[in-house]
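Residue-level structural notes
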Amino acid sequence: MSRQAVSTLVLALVVLLALWAMRAGWQARTRRSAALVTALPVAPPALGTELLGPVDATYVSTTRAGDWLDRVTAHGLGVRSSAQVSVFDAGVRITRPGATNLFVPATALRSATGAPGMAGKVVGGEGLVVLSWQADPADPRGLDTGLRPKHAADRERLIDAVTALTAGQAPAQEENS
């Protein structure tokens, strides 16, 4: 066997080993994060008044609250995707074509803030909207879900709507943009 063929074979094995290790790491993370989020909240049949939305966005990821690198991958929460975000009296609905949809009940929401980035996306400034919420009452730390609205004006609108919802007051209903 020629030296070039041996080098190619070794390189192919290294690449395959790296891919296998990445897959094993993702699966281990999914098993660990499944203990944090045993089940996703289910949207009630009646969501109430739509306070904002739908807002076109990119769903970036969900992480442990306060640690923007500790991605939660259980239930497809670690998969980046396009999304539409709507805020209702009952909570926030994140519809993700081709990925698991997410509903965050108003009672589970803690806050909404701007952030420069989180696992999978760094945009600088306050380009992301981060929803802090609690999936399990036994987990005092909670989760952060990052969204990148398609239009910059939607960032403040989304933060304001969620902030009003967490404060127990309904914001003025806004038109779709």
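Here is what the cut-offs are and how they apply
- Residues numbered from 1 in each chain as written.
- Predicted model: local features only at pLDDT ≥ 70, side-chain atom pairs only at ≥ 80, totals over all residues.
- Heavy atoms only, no water.
- Helix = DSSP H or I, 4+ residues; strand = E, 2+ residues; numbered from the N terminus.
- Buried < 20%, exposed > 50% of the residue type's maximum accessible area, 1.4 Å probe, protein only.
- Areas by Shrake-Rupley, 256 points an atom, 1.4 Å probe, with all protein chains shown as cover.
- Lys, Arg positive; Asp, Glu negative; His and termini not counted.
- Charge placed at Lys NZ, Arg CZ, Asp CG, Glu CD.
- Pairing = 2+ DSSP bridges.
- Axes fitted to C-alpha atoms, helices over the stretch in contact; angles between N-to-C directions.
- Contact = heavy atoms within 4.5 Å.
- Phe/Tyr/Trp six-rings, centres within 6.5 Å; stacked < 30°, edge-to-face > 60°.
- Lys NZ or Arg CZ within 6 Å of the ring centre and 35° of its normal.

1. Re the overall build of the protein
On a plain count of helices and strands, the protein comes out with two helices and nine strands. Listing every helix and strand of the protein by position from the N terminus yields α-β-β-β-β-β-β-β-β-β-α. Across its three principal directions, the C-alpha atoms of the protein cover 75 × 35 × 30 Å. Here the protein, with 177 residues, has 38% of them falling under the buried criterion. When the accessible area of the protein is evaluated, it comes to approximately 9400 Å², of which 58% is carbon and sulfur surface. For the protein, the distance from the average site of its 17 positive side-chain charges to the average site of its 14 negative ones is 14 Å.

2. Describing the sheet that holds strand β8 (residues 128-133)
One open sheet accounts for seven strands, arranged β4-β3-β2-β1-β9-β8-β5; its pairing is antiparallel. Looking at which strands have only one partner, the edges of the open sheet turn out to be β4 (102-105) and β5 (109-115). Looking at each pair of strands side by side, their axes are set apart by 30° on average, direction ignored. The sheet strands contacting helix α2 (residues 152-166) are β1 (50-64), β2 (81-88), β3 (91-95), β5, β8 and β9 (143-149), and the helix crosses β5 at an angle near 160°.

3. Focus: the packing of aromatic side chains
Here the structure, examined in full by the defined rule, presents zero aromatic pairs. In this arrangement the basic side chain of arginine 96 is found over the ring face of tyrosine 59, its NZ or CZ atom lying 4.0 Å from the centre.

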